[in-house]
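# Structural overview
Here's the letter readout for the chains.
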Amino acid sequence: MAWSRMLKRVLTIIKKETLRFILLVLCACTIAVVYNHTRPEPMDWIREKDPGEDQHLSLTQVMSHIQNQSALFIDARSASEYAKGHLDGAYNISSTEKEFYFSDVKRQLKDASLIILYCTSSRCKQGEIVYRYLITQGISASKLRLYPGGWAVLESQKTVPMQIGEQP
Amino acid sequence: MKPFLANKYTQLLIATCLAIVFILAALLKIKNPSSFAFDLAQYQLFPFWAINPMAIIIPWVEFIFGFMIFFGAWRRSAALGMAVMSLIFMSAIGSALLRGLDFDCGCFGGQSLYAGMDTLIMDMLIAGGTLVLICVTPKPFHSKDTSHVIRTN
């Protein structure tokens with residue numbers, strides 16, 4: 001009984017407040033449009049490509065890119081993890097000091113046609129953090145990919161060229 | 001419980017907390033809409049053409065609701081809006097959890113708050129707070145409530 005009374009009350013309130021609610025949403029939309037238009041770098045209304053749609057690569061695809069040397073690899077783990085062993089030719093952009101590392105490889109990133117990021121394993125977050133950071137730094141999302149298996153899987157593949165040591 | 005929730009100071013406290021959360025979340029997203037667009041895409045729920053318009057508009061809707069609640073204007077309408085938004089957020093996070101997706105929820109503009117049970121609970125608390133503002137009419141704390149007085153004559 002109390003619930004039905006409560007529901008009735010909520011429905012009455014919703015009926016009464018809907019017009020104001022719509023007005024508030026319209027007001028917010030107008031401000032959003034004007035604000036975006038006046039920003040120094042307005043955001044495009046239509047997205048070119050959805051990064052969530054095809055950002056993840058399978059092991060087979062990654063192995064093919066390693067063999068053909070057709071992509072630039074970014075190791076998003078910490079510098080100490082990178083020094084212990086990484087994919088030969090991969091650059092290190094540690095997620096905790098990404099600003100510092102980014103300036104070193106900015107040119108290579110801009111020139112690359114495909115960039116593949118990896119971190120420790122499928123549970124790590126560093127790859128996604130660096131992925132997001134690179135987008136905000138003007139690297140096109142369409143050429144960024146993530147390998148979710150991470151170094152844990154790559155390391156276990158016998159054909160993967162490995163290198164030990166810090167980034168020069 | 002109801003007299004406590006109807007107390008104007010309780011309502012003021014709830015309204016202020018909700019307003020701060022919404023305004024803060026909105027400002028962080030407004031500052032970096034591309035990061036928020038990335039988070040929205042990670043949910044894999046929305047068509048790609050809708051991502052950018054959503055990333056541009058949603059933060060301002062949040063801001064307006066927070067602003068109205070804070071200044072007490074059209075409070076019920078704004079609370080209704082917040083309730084609708086928190087329900088949408090809860091559904092999105094719940095669906096991501098069910099599908100086993102693991103990513104930043106985008107709640108505070110890329111502040112590394114992962115879509116999980118804690119963000120779901122946070123949204124539930126927000127929804128609860130908005131329901132209080134919608135359903136319970138505020139009354140002054142010192143209003144004379146004589147319902148508990150037993151009549152002797």
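Source: prediction; values computed, not measured. (Residues numbered from 1 in each chain as written. Chains lettered and ligands numbered in written order. Predicted model: local features only at pLDDT ≥ 70, side-chain atom pairs only at ≥ 80, totals over all residues. Heavy atoms only, no water.)

With 40 residues of chain B at the contact, the number on the chain A side is 37 residues. Of the roughly 3600 Å² buried at the junction of chain B and chain A (both faces included), carbon and sulfur atoms supply 68%. Here chain B is connected to chain A by 0 salt bridges. Seen at the junction of chain B and chain A, the total is 3 residue pairs in polar contact (both at pLDDT 80 or more). Broken down by secondary-structure element, the contributors of at least two residues to the side of chain B that touches chain A are helix 2 (8–31), helix 3 (33–42), helix 4 (48–71), helix 5 (75–98) and helix 6 (117–135) of chain B. Ranked by the residues each element gives to the side of chain B that touches chain A, the list is headed by helix 4 of chain B, at 13 residues. Of the residues that constitute the side of chain B that touches chain A, the class distribution is 25 nonpolar, 10 polar and 5 charged. (Contact = heavy atoms within 4.5 Å. Buried area = accessible area lost by both parts, 1.4 Å probe. Salt bridge = Lys/Arg side-chain N within 4 Å of Asp/Glu carboxyl O. Polar contact = N/O pair within 3.5 Å; in protein donor to acceptor, adjacent residues only side chain to side chain. Helix = DSSP H or I, 4+ residues; strand = E, 2+ residues; numbered from the N terminus. Nonpolar A, V, L, I, M, F, W, Y, C, P; charged D, E, K, R; others polar.)

Moving on to the nonpolar core. Proteins that are soluble and globular tend to have nonpolar side chains buried together. Residues F65, I69, L133 and I134 of chain B are the most contacted members of the largest nonpolar core, which totals 46 residues. Looking at which element gives the most residues to this core, the answer is helix 4 of chain B, with 13 residues. Ranked by size, the runner-up nonpolar core spans 22 residues in total, among them L72, A76, L109 and A112 of chain A. (Core = buried A, V, L, I, M, F, W, Y, C linked by side-chain atoms within 4.5 Å. Buried < 20%, exposed > 50% of the residue type's maximum accessible area, 1.4 Å probe, protein only.)

So, on to the packing of aromatic side chains. Within the structure shown, the criterion is met by 9 aromatic pairs over all chains. Consider the rings of F21 of chain A and F65 of chain B, whose centres lie 5.9 Å apart with planes at 15°: the pair is stacked. Taken together, the positions of F21 of chain A in helix 1 (residues 2–38) and F65 of chain B in helix 4 put the pair across two chains. According to the relative accessible area criterion, F21 of chain A is buried, its value standing at 18%. (Phe/Tyr/Trp six-rings, centres within 6.5 Å; stacked < 30°, edge-to-face > 60°.)

The space that makes up the largest pocket amounts to roughly 760 Å³. As for the largest pocket, its lining consists of 21 residues, of which M43, D44 and I135 of chain A together with S34 and N52 of chain B are closest to the centre. The element contributing the most residues to the lining of the largest pocket is helix 3 of chain B, with 3 residues. Classifying every residue of the lining of the largest pocket by side-chain character gives 8 nonpolar, 7 polar and 6 charged. (1 Å grid on protein atoms, 1.4 Å probe; cavity = no way out; pocket = protein on both sides within 12 Å on 5 of 7 lines; lining within 4 Å. Points joined across faces, edges and corners; volume = space filled by probe spheres on them.)

Moving on, we come to the pairing of strand 1 (residues 72–75) of chain A. Residue and element names in this part refer to chain A. A two-sided burial pattern is seen for strand 1, the buried positions comprising L72 and I74 on one face and F73 and D75 on the other. In this sheet, strand 4 (residues 115–118) lies alongside strand 1 in parallel orientation, the contact comprising 4 bridges. Residue D75 lies in a different strand from strand 4, and its bridge partner there is Y118. (Pairing = 2+ DSSP bridges.)

Residues and elements named next belong to chain A. The sheet built from 4 strands is open, its strands ordered 3-1-4-5 with parallel pairing. Where the open sheet ends on each side, the last strands, each with one partner, are strand 3 (91–92) and strand 5 (144–146). Relative to strand 5, strand 4 runs parallel, the two being bridged by 3 bridges. Looking at strand 5, one finds that I116 is bridged to R145.

Moving on: empty space enclosed by the protein. One pass over the structure, following the stated rule, counts 3 cavities of 30 Å³ or more. Considering the residues around the largest cavity, the lining is formed by Y35, N36 and R39 of chain A together with K29, I30, P33, A55, I56, P59 and W60 of chain B. Looking at the lining of the largest cavity, the element that brings in the most residues is helix 4 of chain B, giving 4 residues.

Next up on the list: the pattern of salt bridges. All names here are of chain A. Applying the stated criterion across every chain yields a total of 2 salt bridges over all chains. A salt bridge links R77 to D75, with the nearest nitrogen and oxygen atoms 2.8 Å apart. Classification of D75 as buried rests on a relative accessible area of 0%.

In the Ramachandran plot, Q69 of chain A falls in the positive-phi region, its phi being about 50° despite a non-glycine side chain. Inspection of the secondary structure puts Q69 of chain A in the loop between helix 3 (59–68) and strand 1. Q69 of chain A gets classed as exposed once you look at its relative accessible area, which sits at 70%. If you check the backbone angles, W74 of chain B has positive phi at about 50° while not being a glycine. Along the chain, W74 of chain B turns up in the loop between helix 4 and helix 5.

This paragraph deals with the packing of helix 5 of chain B against helix 6 of chain B. Residues and elements named next belong to chain B. The contact between helix 5 and helix 6 brings their axes to 8 Å, and the two run at 155°. Comparing their axes, helix 6 and helix 5 come out roughly antiparallel. Of the two possible hands of crossing, helix 5 and helix 6 adopt the one that is left-handed. Between helix 5 and helix 6, the contacting residues are R75, R76, A79, L80, M82, A83, S86, F89, M90, I93, G94 and L97 on the first element and M117, T119, L120, D123, M124, I126, A127, T130, L133, I134 and C135 on the second. (Axes fitted to C-alpha atoms, helices over the stretch in contact; angles between N-to-C directions. Parallel < 35°, antiparallel > 145°, perpendicular 65-115°, else oblique. Left-handed = near helix turned anticlockwise from the far one by under 90°.)

This next bit is on helix 6 (residues 126–136) of chain A. All names here are of chain A. Within helix 6, 9 of the 11 residues are buried, which leaves it mostly tucked inside the rest of the structure. What helix 6 keeps buried is the set Q126, G127, E128, V130, Y131, R132, Y133, L134 and I135. Looking one or two residues beyond helix 6, the residue adopting positive phi is G138, at roughly 95°.

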